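Single-letter residue listing:
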Amino acid sequence: MRLARTIQRSKWAAVAALLLAAATASTEQEVDEYAEARSAMVAEIGRYARSAGDTAEHAFDSRVMQALAEVPRHEFVPDDQKRVAYENRPLPIGHGQTISQPYIVALMTDLSEAEPDSTVLEIGTGSGYQAAIFSALVENVYSIEIVEPLANDAKARLERLGFDNVTTRLGDGYDGWEEHAPFDAIVVTAAASHVPPPLIAQLKPGGRMVIPVGGRFLTQQLLLIEKTADDEIVTRQIAAVRFVPLTGEH
Amino acid sequence: MQRWIFPAVLLISAAAIGYEILLMRVLSIVQWHHFAYMIISLALLGYGASGTFIALGRTALARHFQFAFSLSALAFAVTMVASFILGQRVPFNALEIVWNPRQFLHLATIYLVFFAPFFFAATCIGLAFTCARSLINRIYFFDLFGAGLGALGVVLALFHWSTQDALRLLAGLAIVASALPAVAPPLRYRLLPLQALCLALLLLALPQSWLEFRMSPYKGLSQALEVVDTRVLGQYSSPLGLLTVVESPTVPFRHAPGLSLSTRFEAPEQLALFTDGDGLSTLTRFDGDDDALGYMGDVTAALPYRMLEQPHVLVLGAGGGTDVLFALYHGARRVDAVELNPQAVKLVGDIFADFTGHLYDDPRVAVHVAEARGFVARSDDRFDLIQVSLLDSFAASGAGVQALSESYLYTVEALQEYLQHLTPGGYLAITRWIKLPPRDNLKLVATLREALERMGVTEPGKRLAIIRSWNTSTLLAKNGDISPAEIETIRDFAHSRSFDTAYYPSMPRSDANRFNILQETYLYDGTLRLLGDDPEAFIDRYKFHIAPATDDRPYFFHFFKWSAFQEMLALRTQGGAGLIEWGYLILTGTLVQATVLGAVLILLPLSVIQPRWPRGAGRRMGAYFFLLGLAFLFVEMAFIQKFILFLSHPLYSIAVVLSGFLVFAGFGSACSARLVRRADALKRSPVMPVVIGIVAIALVYLLLLPFLFARFAGLDDPVKIGMSLVLIAPLAFFMGMPFPIGLARVASEAAGFIPWAWGINGYASVVSASLATLLAIEAGFTAVIVLALLLYAAAALCFDQRA
């Protein structure tokens, strides 16, 4: 009787172990699945990488590529978008906001030329993906979001995923974040009719600000603002893609 | 006699057309304007498919005519409301269309959802025709008369009622129509409880919240309302647009396009004014303190005021009034401001007058409720500065949302009109958003060159100047050559604000790229080429469509070229998505969809049930009905467009032209039997003289309308509407004839072909609604009309060859 019970118990245990193994396997498989998609995405971006400003192709900074390869983008999109999280396109994240196309994220991050000891300010946290990418690259990231539910979700998400050097807050990005200024780099992902002067003021000499220009799903161009060592402002407009608008030339 | 039929048909027709126009408004609000074309094609699809449906179930339907009519009318009422609610909940996102092919599926879903009410409405009308054949002429009259009433009625109703209340009214009409058969013997009250229930639900129990607009979250208004503490201060609805005033106390709007990076000023307190949820314009707080407006000196649009002393200014598109304040800030001695929407004028001048500092009461300001083109055309004044306001939002402009929106503000003829109303030395100033590579900025240069050349100016390049910030460009066109001293003023103004000069007469390349550094100076290079010897070659080779917009092809915002599409599509993954103007793609998608769904819903069922082509019909009669379907809609669509300029607004034009064509085509159709009898007696073709009449009138109109429109643009709206109807009457009268003439012949020779005739004709109409617009974009309205006339001629040949 006892033996039978023991056998039965061990049988249950075996079943449980089996189930557990299966479950673990499936989670691992899931992770693997995303990892594969993620490296495919990184490879695609690598192929497209172009230098902003001149015609010679070059790669994005390898640290940027490394960050893209590490940050789990699928964690930053709504559940119904996870399937396509690693496709090279912008995705809706609710509240009329989007998570940028990975290629644009790479380009913007690359243009910011942030260093490991940099302090970065982001205006428009969105889902927190861009902040997470910076988190892997720099010392401190400060990010401001104007839409309350997005700000709350992004804060919780970044904490849960352990991006500890990112500080977020709900609020108006126009005035920047005075107490943490100046910044080595500022990225503005929210649309604006003009560049907020306080942000320019909070840029370190030698610092760079990057602003994508265009609609939610269609980035038209990027605006790069550089503050020289002697506080002069230089702005450049950078087409996101190399496109010659005339046929028969080049 | 079944007298109930007449009022019932009238009500259904009125409600169906009313609903069609209502939907155009709704989709302009929750999505964007280009859906208007889809709705016209949808309504036609409903009519086509119901023709097939009735042809298939004729015997059963005839036996239960009254019941079937009642039920169908009730289904019309119910689906009208249901589609209104459901259609807005389809997660279609037009902006994602280049990324996500599934969006086309959503578009098709919207198409099918809105198909239902039109199908049921058309079934009612079709049943009446089929089952009360002896009354057919009078039914036809009430059908068309009702449609005409509905088209005009709903526009009037929308001036006083909200869109939602207008919807309840239209659905109520359909329910009343559904109850009417019950009053005739044999009395049948079976549906009365259901009808009463529907009416009660509609009027008393249907929650208003279900009917509220579900605006795309990517429209400016939706985005503004996501911001903490924003609130809507007021919403004002009319057929000219839904105006929404928004306040954002915590996060100020700070709308200042083209503000210099080196400015020390900030934008003052503003209220946002959205039209149909987009196109941000602002109301600016003003308490008499000019210092608060300092930023107005540091935007690109301020340039013309540096060239002029106390100018007399004309602002085209006053919107929220900020441009009027702008002119006063810069010392204008007099400002004439033109605004199409009277509610916008009331907002600035009355409702929020305390906020705007009673701007419109200022003795220097005169506000005119008018359409800009018409106002300029009939004005005897000359202005030192004519300023076209930047009223479209950057997001909309960037995404090609307006690609299909006709705009008569930026055509060659429009610019000529503006330039002719400048004082000697006066300026036309147009500020636009910057895009890379440039599109509208270059198209504007091409359009201006054409306008100046038509005015006999031999060296247009001496009159133009363009400056740019990182996101706006301001173009000046002077009435006279720009002097070296003025060039210095332009350079000083630009450089002291870190703006670049993109063009001025004899500008060196070194001056083109100093502050906002571009990888390539396409705007400078392109402007030089467009002002050079061979602008056409440049326009041809440019990968965006930048040929001048004209009144015949008023698609200023259309930049799409098929030749560059593949390259752009391939580049979208590399950040090049912004190159694609998707408005054009949606129209193409709509056309493909209409072609496929029309075949599935109209032709396929016909071919299953009635696979054999009846003897005596012949292929030529098939072609005849197909050609007529295409030609009628081509002419109708082109005239809707032609009359927009005259009647000032697309919706007026649709309502007036549509109802004019319907009513007078109805008269023509009623007279067609007599014509056939007379032609038979003379052994002549009845179609050929009709087609000759159509061709002659249409050709005369092509020559005459521009002149008439220019001459009478200044008349009051009711007079212009009356004139339009008178003009449409003879053309529509003749155009109403070929179809019933053909139908009569088929009825006598091969009765089994009638459903085919309906189906083929319906199918052609469905396709032609979007096809006409595509053709107009590519070749212009004149070409569409000429093509339609050729189609009519071909149809006449088909008909006569058969005889």
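Residues numbered from 1 in each chain as written. Chains lettered and ligands numbered in written order. Predicted model: local features only at pLDDT ≥ 70, side-chain atom pairs only at ≥ 80, totals over all residues.

(A) Looking closely at the overall build of chain A. Scanning chain A from N- to C-terminus turns up six helices and nine strands. Expressed as a percentage of the 250 residues in chain A, the buried residues total 47%. Taking as baseline every contact in chain A between residues at least 6 positions apart, the subset at least 24 positions apart corresponds to 54%. (Helix = DSSP H or I, 4+ residues; strand = E, 2+ residues; numbered from the N terminus. Buried ≥ 20, exposed ≤ 12 C-beta atoms within 10 Å, placed from the backbone. Contact = placed C-beta atoms within 7 Å.)

(B) Here's a closer look at the sheet that holds strand β2 (residues 241-247) of chain B. Residues and elements named next belong to chain B. Reading across the sheet, the four strands line up as β1-β2-β3-β4 and stay open at both edges, with antiparallel pairing between neighbours. Across the chains shown, the open sheet's two edge strands, defined by having one partner strand only, are β1 (231-238) and β4 (278-284). Adjacent strand axes in the sheet meet at a mean angle of 20° when their direction is disregarded. (Pairing = 2+ DSSP bridges. Axes fitted to C-alpha atoms, helices over the stretch in contact; angles between N-to-C directions.)

(C) Spotlight on the pairing of strand β7 (residues 365-369) of chain B. Residues and elements named next belong to chain B. Of the strand pairs in this sheet, strand β6 (residues 334-339) and β7 are connected by five bridges, and their pairing is parallel. By the bridge assignment for β7, Val-335 is matched with Val-365. Between the parallel elements β6 and β7, the chain passes through helix α13 (residues 342-351) in a crossover that is right-handed. (Right-handed = clockwise from strand over helix to strand, strands pointing away.)

(D) Structural context of the interface of chain A and chain B. Each partner contributes residues to the interface: chain A has 46 residues there, and chain B has 46 residues. Looking at the side of chain A that touches chain B, the elements with two or more residues in it are α3 (102-112), α6 (197-201), β7 (203-214), β8 (219-227) and β9 (233-239) of chain A. It is β9 of chain A that provides the largest number of residues to the side of chain A that touches chain B, a total of six residues. Each residue belonging to the side of chain A that touches chain B can be placed in one class, and the counts come to 25 nonpolar, 16 polar and five charged. Judged from the three bridges that link them, β9 of chain A and strand β13 (residues 516-518) of chain B form a sheet pairing that is parallel. Note on β13 of chain B: the bridge partner recorded for Arg-236 of chain A is Ile-517 of chain B. (Nonpolar A, V, L, I, M, F, W, Y, C, P; charged D, E, K, R; others polar.)

(E) A look at helix α26 (residues 717-735) of chain B. All names here are of chain B. Its 19 residues give α26 an end-to-end C-alpha distance of 26 Å, which sits within 8% of 27 Å, the value for a rise of 1.5 Å per residue. Helix geometry: α26 is bent most strongly at Ala-729, by close to 35°, with proline Pro-730 lying one to four residues after it. Regarding α26, the residues found buried are Lys-720, Ile-721, Ser-724, Leu-727, Ile-728, Leu-731, Ala-732, Phe-733, Phe-734 and Met-735. (Expected span 1.5 Å × (residues − 1). Bend = angle between axes of the 7 residues up to and from the residue.)

(F) Quick peek at the sheet that holds strand β8 (residues 383-388) of chain B. All names here are of chain B. The eight strands are arranged β7-β6-β5-β8-β9-β11-β10-β12 in an open sheet whose pairing can be described as mixed. Two strands in the sheet have a free side with no partner beyond their single neighbour: β7 and β12 (500-503). Each adjacent strand pair in this sheet contributes to an overall mean axis angle of 20°, direction not counted. The pairing of strand β5 (residues 312-316) with β8 spans four bridges and is parallel. Of the residues in β8, the one forming a bridge with Val-313 is Leu-385. The strands that helix α19 (residues 522-531) touches are β10 (464-468) and β12; relative to β12, the one it contacts most, it runs at about 25°.

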